[in-house]
Amino acid sequence: MVLNPVLGKLVSKRVVLASASPRRQEILTNVGLRFEVVPSWFKETLEKSSFTAPYEYAVETAKQKALEVANRMHVKHLRTPDVVIGADTIVSVDEQILEKPVDKQDAYRMLSRLNGKEHSVFTGVAIIHCHSKDNQLEMDITDFYEETKVKFSELSEELLWEYIHSGEPMDKAGGYGIQALGGMLVEYVHGDFLNVVGFPLNHFCKKLAELYYPPSKHNVQRKKYDSIPSVDTFENQSDGESESSNFTKQKGASKLDSSGTYSSEAVYASENSSGVRTGFTVPLENQNGVSQSAAKLPSKILELMDGFRASKALFVASKLKIFDHLKDKGPMKAVDIANDVGTSVCGTERLLDACASLGLLEKTPQGYSNTDSANTYLASDGKYSLHGYIIHSNDHLWPLFTNLESAVKEGSRQNHRAFGKKADDLFKDYYHSQEVKQRFMSAMHSIAHLTARDVATAFDLSQFKSACDLGGCTGALAHELVQVYPNLKVTVFDLPEVIANTSYFQPSGQHTAPVTFVSGDFFKDSLPEADLYILSRVLHDWPDEKIHVLLSKVSAVCRPGCAVLLAEMVLDDEKKNRSTALLQSLNMLVQTEGKERSGSEYQALLEQHGFTNVKIRITGNLLDVILCVKT
Ligand SMILES: O=c1[nH]cc([C@@H]2O[C@H](COP(=O)(O)OP(=O)(O)OP(=O)(O)O)[C@@H](O)[C@H]2O)c(=O)[nH]1
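Here's a quick rundown of the structure. (Residues numbered from 1 in each chain as written. Predicted model: local features only at pLDDT ≥ 70, side-chain atom pairs only at ≥ 80, totals over all residues. Heavy atoms only, no water.)

Here's the deal with the overall build of the chain
Helices and strands together make up the secondary structure of the chain, namely 23 helices and 21 strands. Here the chain holds 631 residues, and the buried ones make up 52% of them. Total accessible area on the chain is roughly 28500 Å²; 52% of this is exposed by carbon and sulfur atoms. (Helix = DSSP H or I, 4+ residues; strand = E, 2+ residues; numbered from the N terminus. Buried < 20%, exposed > 50% of the residue type's maximum accessible area, 1.4 Å probe, protein only. Areas by Shrake-Rupley, 256 points an atom, 1.4 Å probe, with all protein chains shown as cover.)

The structure is reproduced here in structure tokens:
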């Protein structure tokens, strides 16, 4: 992280965000921080009247959230993170603290209270540095809060209810999301916008700067952190300046090895300006004895250069089913894992170590075990398992991506180069063998499961009685929809080769009834009748010409008042910010005739077929959602 090297201080640490908030995850991911998410189980039930000011409540809650995670990871999972970050956002108006509404009436009460007035949004943040000493957890806690003032316009009852019915208020402090539809309610914001969204990034960076570069007596003027230091100032805050900090050198010199990475580290300990004891590892000198700064390393570029190694380590561990092997077991030694999966001990040990360093496994003197994320996402049997998509990435996307250069030069997909054949129809590649078909369906199923809840709840769909999920594959989204909207009947419409293989993916139990599977080709066959047509990860497979064919068919069967719901990764209009979506667009280049598109591009395509009132919801998940109505 060159722009803000203080964040680079966290690169080599196991950082845990003790929050389920997708917004906090996005804010920190966007600035390049790498962290694991372990949502806190701390119940937000502190007695509000025992705090003299609202921010004290937010700070204490943030602290308790982070402490719960640090303790749980240390005790229950035998894993001690280096840094745990907790946060809590509240709204304060008329001496009252508002948290997330519990239902629509509660949202109405909150929004009515905010209507036409100024209120304060406080986010409390706790940063806990953890150390394990003789198996005891030692923690240094730093906390702070940020206040932002927000004023709502005078809003009509009708508008408030329309907003509440959008579903947006429910998981947001004060019952609104300033970053989305809620932004329309707001007349002004005084202070840090991201603080309202859930994480005061600017203050967080200042706090890290205070912790990692505490000002010494003689440079206190120059390094006064009234604001985040400019790039220049940060460059000056290199570790090479350690003589000007009040860190105390504890031991040993280190060297840059021939590959340009630090071969050993020195430990510094200090008291920061708030009197909190801190201990951090920072690199020292290179072979020539010249002071080097991690901040000056092009860490982003190095990370990108190595990205494929990390991906491949994950793919191979998944192919070898190492995460299945370790699921719900105590720690295992490398030699035992190697024996069980039939691999070499030396190779397996290196793979396991690499996985542990990437935060996928936990390594203790007793051996290797799964992290919580590995149990949830990497073992092959969980509801949210990404195993199918990982295997698809290794077996299908990897060979395609090795031909990215040709794809860029030729502007077309590379299936013929990667797999030695040219299928006329995009999906024939996937369906030519039972094995490949099953693998592709598992991959689609993984992503659909992970995103289904956010897609289903991005808009209130309760007015629709029937929906048809075109290209709905295994029915994962359909099953989520009927759970969220029990009165909805959903038809999954997909190619006969797909429909014939969906039984393996069906959930057991009573939820299966309202989902029906119908086979057909949406380009050729007539479409089932429905109030709502869903196209999830479909349009990105096709060029505009084919999309027009499909949308004109949908438009022909769609009655006025009926709707279309798209679930896609939506690019920002300037196509410069959302790297996951932009990389996905490259992914579409190597394997399809399609691409990812911006909200305006989707809107233009939809409006040409009589779909208006186009609303776009950025969910923070892998898929964003667009809803429009046939007029
Ligand atoms: O304008 C916006 N205001 C607030 C939000 C989101 O609201 C929630 C606040 O809730 P809390 O701090 O308790 O955090 P949780 O979501 O429950 O996650 P934890 O696991 O950390 O407790 C927060 O998600 C804000 O992002 C918003 O989105 N916009």
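Notes on the pairing of strand β6 (residues 136-152)
Inspection of the sheet shows strand β5 (residues 118-133) paired to β6 by 16 bridges, in the antiparallel sense. Within β6, the residue paired with His119 across the bridge is Val150. Linkage of β5 to β6, two consecutive antiparallel strands, is achieved through a turn of 2 residues, within which Asp134 is found at a positive phi near 50 degrees. As judged from the 4 bridges shared by β6 and strand β7 (residues 186-190), these two strands associate in the antiparallel manner. If you follow Lys151 over to β7, its bridge partner there is Tyr188. (Pairing = 2+ DSSP bridges.)

Overview of the pairing of β5
Of all the 16 residues making up β5, 12 are buried; the element is thus mostly covered by neighbouring parts of the structure. Note that strand β3 (residues 83-93) and β5 share 10 bridges and pair antiparallel. In the sheet register, Val84 faces β5, and the bridge partner there is Ile128.

Quick word on the packing of aromatic side chains
One pass over the structure, following the stated rule, counts 11 aromatic pairs. Ring geometry for Phe152 against Tyr176: centres 4.9 Å apart, planes inclined by 75 degrees, an arrangement best described as edge-to-face. Residue Phe152 is located in strand β6, and its partner Tyr176 is located in the loop between α5 (157-165) and β7; the two are separated by 24 residues in the primary sequence. Using a relative accessible area of 0% as the deciding quantity, one classes Phe152 as buried. When the centroid spacing of 5.2 Å and the interplanar angle of 70 degrees are considered together, the rings of Phe522 and Phe523 count as edge-to-face. Summarising the burial analysis for this pair, Phe522 and Phe523 share the class buried. (Phe/Tyr/Trp six-rings, centres within 6.5 Å; stacked < 30°, edge-to-face > 60°.)

Overview of the site of the ligand
Taken together, 21 residues sit near the ligand, with Ser19, Arg24, Lys65, Lys100 and Val197 positioned nearest. Within the side chain of Ser19, an N or O atom sits 2.6 Å from an oxygen atom of the ligand. Residue Arg23 places a side-chain N or O atom 2.9 Å away from an oxygen atom belonging to the ligand. When the free accessible area of the ligand is taken as 580 Å², the share hidden by the protein chains comes to 94%. When contributions to the shell around the ligand are tallied by element, the ones reaching two or more residues are α2 (22-30), β3 and α6 (193-197). The element best represented in the shell around the ligand is β3, accounting for 3 residues. (Near = heavy atom within 4 Å. Polar contact = N/O pair within 3.5 Å; in protein donor to acceptor, adjacent residues only side chain to side chain.)

Comments concerning the packing of helix α18 (residues 434-457) against helix α19 (residues 476-484)
Between α18 and α19, whose axes approach to 8 Å, the crossing angle comes to 30 degrees. In terms of their interaxial angle, α18 and α19 are classed as roughly parallel. Judged by the twist between their axes, the crossing of α18 over α19 is right-handed. Within the contact between the two elements, α18 uses His445, Ala448, His449, Ala452, Arg453, Val455, Ala456 and Thr457 and α19 uses Ala476, Leu477, Glu480, Leu481 and Val484. A per-class count over the contact of α18 with α19 returns 8 nonpolar, 3 polar and 2 charged. (Axes fitted to C-alpha atoms, helices over the stretch in contact; angles between N-to-C directions. Parallel < 35°, antiparallel > 145°, perpendicular 65-115°, else oblique. Left-handed = near helix turned anticlockwise from the far one by under 90°. Contact = heavy atoms within 4.5 Å. Nonpolar A, V, L, I, M, F, W, Y, C, P; charged D, E, K, R; others polar.)

As for the environment of Lys76
Within the fold, Lys76 resides in the loop between α3 (54-75) and β3. Residue Lys76 is classed as exposed on the basis of its relative accessible area of 55%. Not counting residues up to four positions away in its chain, the partners in contact with Lys76 are Trp41 and Asn71.

Some details on the sheet that holds strand β17 (residues 563-568)
As summarised here, the arrangement of the 7 strands in space is β15-β14-β13-β16-β17-β21-β20, forming an open sheet in which the pairing is mixed. Each edge of the open sheet is held by one strand with a lone partner, namely β15 (515-519) and β20 (611-617). On average, each strand axis in the sheet is tilted by 20 degrees relative to the strand beside it, whichever way the strands run. Pairing geometry for β20 and strand β21 (residues 624-630), over 5 bridges, is antiparallel. Residue pairing for β21: Phe611 is matched across the bridge by Lys630. Of the strands in this sheet, β13 (466-470), β16 (532-536), β17, β20 and β21 are in contact with helix α21 (residues 544-557), which crosses β16 at around 160 degrees.

A short note on the environment of Ser466
Inspection of the secondary structure assignment puts Ser466 in strand β13. Ignoring sequence-local partners within four residues, the contact set of Ser466 consists of Leu488, Lys489, Ala530, Asp531 and Leu532. Looking at Ser466, its side chain comes within polar contact range of the main-chain nitrogen of Asp531, at 3.0 Å.

Regarding the pattern of salt bridges
According to the stated counting rule, one finds 33 salt bridges in the structure shown. Between Lys63 and Asp143 there is a salt bridge, with its nearest N and O atoms 3.6 Å apart. A residue pair is termed long-range when its members are at least 10 positions apart, and Lys63 in helix α3 and Asp143 in strand β6 qualify at 80 residues. Among the ionic pairs, Lys65 bridges to Asp88, the shortest N-O distance being 2.9 Å. On the criterion of sequence distance, the pair formed by Lys65 in helix α3 and Asp88 in strand β3 is long-range, its members being 23 residues apart. Each member of the pair, Lys65 as well as Asp88, is classed as buried. Among the ionic contacts, a cluster of salt bridges with common partners joins Glu44, Lys65, Asp88 and Lys100. (Salt bridge = Lys/Arg side-chain N within 4 Å of Asp/Glu carboxyl O.)

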